Amino acid sequence: MATEGGGKEMNEIKTQFTTREGLYKLLPHSEYSRPNRVPFNSQGSNPVRVSFVNLNDQSGNGDRLCFNVGRELYFYIYKGVRKAADLSKPIDKRIYKGTQPTCHDFNHLTATAESVSLLVGFSAGQVQLIDPIKKETSKLFNEERLIDKSRVTCVKWVPGSESLFLVAHSSGNMYLYNVEHACGTTAPHYQLLKQGESFAVHTCKSKSTRNPLLKWTVGEGALNEFAFSPDGKFLACVSQDGFLRVFSFDSVELHGTMKSYFGGLLCVCWSPDGKYVVTGGEDDLVTVWSFGDCRVIARGHGHKSWVSVVAFDPYTTSVEESDPMELSGSDEDFQDLLHFGRDRANSTQSRLSKRNSTESRPVSVTYRFGSVGQDTQLCLWDLTEDILFPHQPLSRARTHTNVMNATSPPAGSTGNSVVTPGNSAPPPLPRSNSLPHSAVSSTGSKGSIADGAIASGVSKFATLSLHDRKDRHHEKDHKRNHSMGHISSKSSDKLNLVTKTKTDPAKTLGTPLCPRMEDVPLLEPLICKKIAHERLTVLIFLEDCIVTACQEGFICTWGRPGKVGLMSAPNQASSPGGTIV
């Protein structure tokens, strides 16, 4: 049997992996799926998604889990690393006809042990508000599909609101709803509120208040995902046109943009302090964008196919005030740092912001984030100060990728710019994952502490080489229809003209919108492990564990180092060497 780090068979599924914190272990008895545990035939189906909520009940077991598989939606008590999953007793189960659930989101603000508000988006464009505890269906929005007929790609409650929620569609439009308002019996009429570069925002024109309150038209092609900043003031959107666009949510102003290396962007998330945005997409890369500087500061290459989910790990992101060379804080330091959907830790915000003060002692900051992709691999990355605050003009020596690899294409047929996954024992931390001795320079970005965003978006499995995909994407650019909604033809032509100009790869490559590969540091993953048979669609960092899910409908729990419960520990012995075939 192969060892944990790798082996003869590259197709072996890893059940454990080691980082500098210690050993992460897959807990087989904490796996959630459909009650029959039969792998789901995912052909032509929407991605499996997972949402969590904590009901803050007194039992200490308040975590609840919702996931969709095909036409089905399940709601379970989530027992995590403590107890085995009981799949025979879902709290709620729904099977839909004629449409499939595509995404969902709990309202953490209103959740109680007796009631919880869950929004569910569907492939035909509707959005349903349900209470899986009371087993009630409260409302159906866009029921007649008069607002938008395209698939719902992302739905989220507006942070801090009990009634407002935002819905994105594959048409490229986003809509702001209020659960208290009706949608009307006729198609909405819109009035232009604000227009900018490749976006427009309209209000709904009607005598009485109705949904949607606002309609956003963003970019070209599908709007694949959006994520609110930790303080709820900004909104990051990623689209099929390859652009990240960050808006001020209240003032509806465009704060900054970034372009993928090529292809669409599929997923986006914010760092816990709101200073950085990470995206993933069809260029097989993860891209780190500075909110304060509005520029790409690093790219990461480890995946062999499209990146479907990116997420920050707030429990491993560390701030050290003593020794700048120390890479992580103690568990005690961060237990109260960022609780999943529960706590906005102001004290940690002040600790993270100390690096902006030249008067404070040297503060070391290491951000941990992860990504999963259609290549069935989980990658973990460390974003360290030699990348965040370079102390000299950028040279390739500042990263641990050599010059030859750095100048090669990021996802060519040889894949020579990435360390082969599955090497035995983890190698020493490379240069771009180590911290410099010198003090930290200041930045002018804004943000506050909060839980990492859970977000994702996937498309068809990518089997083309870099150049094939680039060519085909270029062809698609000419065929793709523009979705500009009810904007007048004059303004629509103007906006489309801007969009076409901006999405021309020849015009953006080598500019601040899309730096060349050799112009920014190239990160390599700390670990890169194949953990599923089908494409991965979920990555969520919880306090005791990491949760992943694949398109077969299996939701897996990975116990963090030292967090594996007594129940689960013996079960690991059934998989010698940490792999299964």
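Cut-offs used in this document
- Within each chain, residue numbers correspond to sequence positions counted from 1 in written order.
- Only residues with pLDDT of at least 70 are given local features in this predicted model, and only at 80 or more are side-chain atom pairs given and counted; all residues enter the totals for whole chains, interfaces and linings.
- Hydrogens are left out, water is left out, and the side-chain values use all remaining heavy atoms of the structure.
- We count a stretch as a helix when DSSP gives it H or I for four or more residues in a row; a strand needs E for two or more, and each element gets its number in order from the N terminus.
- Any residue under 20% of the maximum accessible area for its type is buried, any over 50% is exposed, and the rest in between are partly exposed; the area is computed with a 1.4 Å probe on protein chains only.
- Contacts are assigned to residue pairs that have any heavy atoms within 4.5 Å of one another.
- Areas reported here follow the Shrake-Rupley algorithm with a probe of radius 1.4 Å; residue values treat only the protein chains shown as occluding.
- Stacked, tilted and edge-to-face pairs are distinguished by plane angle, under 30 degrees for stacked and over 60 for edge-to-face with tilted covering the rest, among Phe, Tyr and Trp rings (Trp via its six-membered ring) whose centres lie within 6.5 Å.
- We call two strands paired when DSSP finds no fewer than two bridges between them.
- UniProt positions are given in the numbering used here, feature names are shortened, and annotations may be inferred rather than shown by experiment.
- Orientation is described by axes fitted as lines to C-alpha atoms, over the contacting stretch for helices, and by angles from 0 to 180 degrees between their N-to-C directions.
- A pair is scored as a salt bridge if a Lys or Arg side-chain nitrogen falls within 4 Å of a carboxyl oxygen belonging to Asp or Glu.
- Each residue carries a pLDDT score, the predictor's confidence in it, ranging from 0 to 100.
- Cysteine sulfur atoms that pair up within 2.5 Å are treated as a disulfide.

Here we take up the overall build of the chain. Looking only at helices and strands, the chain features seven helices and 35 strands. When burial is assessed residue by residue, the chain has 60% of its 581 residues classed as buried. Looking at the chain alone, contacts between residues at least 24 apart form 63% of all its contacts between residues at least 6 apart. When the accessible surface of the chain is split by element, carbon and sulfur atoms take 50% of a total near 22700 Å².

Along the chain, the position of His189 falls in the loop between β14 (173–178) and β15 (190–196). C-alpha of His189 to C-alpha of Cys204: the two residues are 15 residues apart in sequence and 5.9 Å apart in space. Once residues within four sequence positions are removed from consideration, His189 is found in contact with Thr203, Cys204 and Lys205.

Turning our eyes to something else, we now look at the packing of aromatic side chains. Applying the stated rule across the entire model yields 26 aromatic pairs. Each ring, one from Phe67 and one from Tyr74, has its centre 5.4 Å from the other, and the planes form 25°; the classification is stacked. Assessed through its relative accessible area of 0%, Phe67 is described here as buried. Tyr74 sits in the buried class, given a relative accessible area of 2%. Note on Phe312 and Phe369: the rings are 5.5 Å apart at their centroids and 45° apart in plane angle, and the pair reads as tilted. In this pair, Phe312 sits in strand β26 (residues 307–312) while Phe369 sits in strand β28 (residues 364–373), placing the two residues 57 residues apart along the sequence. The class for Phe312 is buried, based on a relative accessible area of 2%. Among the aromatic residues, those joined into a cluster by ring pairs are Tyr32, Phe52, Phe67, Tyr74, Tyr76 and Tyr78.

Sheet analysis places strand β10 (residues 127–131) next to strand β11 (residues 136–141), joined by five bridges and oriented antiparallel. Counterpart to Leu129 in the pairing with β11 is Lys139. As consecutive antiparallel partners, β10 and β11 are separated by four residues, and within that stretch Lys135 has a phi angle of approximately 60°, a positive value.

Another aspect to go through is the UniProt feature "repeat: WD" (unreviewed entry) in the chain. Within this structure's numbering, the places UniProt gives as "repeat: WD" (unreviewed entry) are residues 258–290. Secondary structure across residues 258–290 comprises 0% helix and 61% strand; the distance between its end C-alpha atoms is 10 Å.

Let us look at the sheet that holds strand β7 (residues 92–95). Across the sheet, which stays open at both edges, the four strands sit in the order β4-β5-β6-β7 with antiparallel pairing between neighbours. With one partner strand each, in any of the chains shown, β4 (50–54) and β7 form the two edges of the open sheet. Going from strand to strand, the sheet's axes swing by 15° on average, the running direction of each strand aside.

With that settled, consider the environment of Val179. With respect to the element layout, Val179 can be found in the loop between β14 and β15. Residue Val179 is classed as buried on the basis of its relative accessible area of 8%. The spatial distance from the C-alpha of Val179 to the C-alpha of Lys139 is 7.9 Å, given a sequence separation of 40 residues. Residues contacting Val179, with those up to four places away along its chain left out, are Leu129, Lys139, Phe141, Trp157, Glu162, Ser163 and Phe165.

Tracing the chain through its elements places Ser229 in the loop between β18 (223–228) and β19 (234–239). For Ser229, a relative accessible area of 4% puts it in the buried group. Every residue in contact with Ser229, bar those within four places of it in the chain, is listed here: Phe234 and Trp270.

As a further point, take the sheet that holds β10. Sheet strands associate in pairs through backbone hydrogen bonding, adopting either a parallel or an antiparallel arrangement. Ordered in space as β8-β9-β10-β11, the four strands form an open sheet in which the pairing is antiparallel. The two strands at the open ends of the sheet, each matched to only one other strand, are β8 (101–106) and β11. Neighbouring strand axes in the sheet, compared pairwise and without regard to direction, differ in orientation by 20° on average. Two elements, strand β9 (residues 118–122) and β10, share four bridges in a ladder whose sense is antiparallel. The residue of β10 that forms the bridge with Gly121 is Val127.

Tallied over the full model, the rule gives eleven salt bridges. Arg368 serves as the salt-bridge partner of Glu21, at 2.7 Å between the closest nitrogen and oxygen. With Glu21 in the loop between β2 (16–19) and β3 (22–26) and Arg368 in strand β28, this pair connects stretches of sequence that are 347 residues apart. Take Glu21: its relative accessible area is 28%, and that puts it in the partly exposed class. Arg368 gets classed as buried once you look at its relative accessible area, which sits at 0%. As a salt-bridge pair, Asp92 and Arg94 come within 2.9 Å of each other at their nearest N and O atoms. Overall, Asp92 belongs to the buried group, its relative accessible area being 9%. What emerges from the salt-bridge pattern is a single network uniting Arg20, Glu21, Arg368 and Asp382.

With that settled, the discussion passes to the confidence of the model for the chain. For the chain, mean pLDDT is 76; residues scoring 70 or higher make up 67% of the total. This stretch, residues 322–351, has a pLDDT under 50; its non-local contacts, to residues over four places away or in other chains, come to 76 contacts. This stretch, residues 394–502, has a pLDDT under 50; its non-local contacts, to residues over four places away or in other chains, come to 262 contacts.

Glancing now at unusual backbone geometry. In this structure, Pro212 follows Asn211 across a cis peptide bond, with omega equal to -5°. On the secondary structure map, Pro212 appears in the loop between β16 (199–204) and β17 (214–218). For Cys294, which is not glycine, the phi dihedral falls at a positive 55°. Backbone geometry at Thr376 places phi at a positive 70°, although glycine is not the residue there. Structurally, Thr376 can be placed in the loop between β28 and β29 (377–383). Its relative accessible area of 5% is what places Thr376 among the buried residues.

Before going further, it helps to spend a moment on the state of the cysteines. Under the defined criterion, the tally for this structure stands at zero disulfides. Here Cys154 is not disulfide-linked; the sulfur of Cys103 is the nearest cysteine sulfur, at 6.1 Å.

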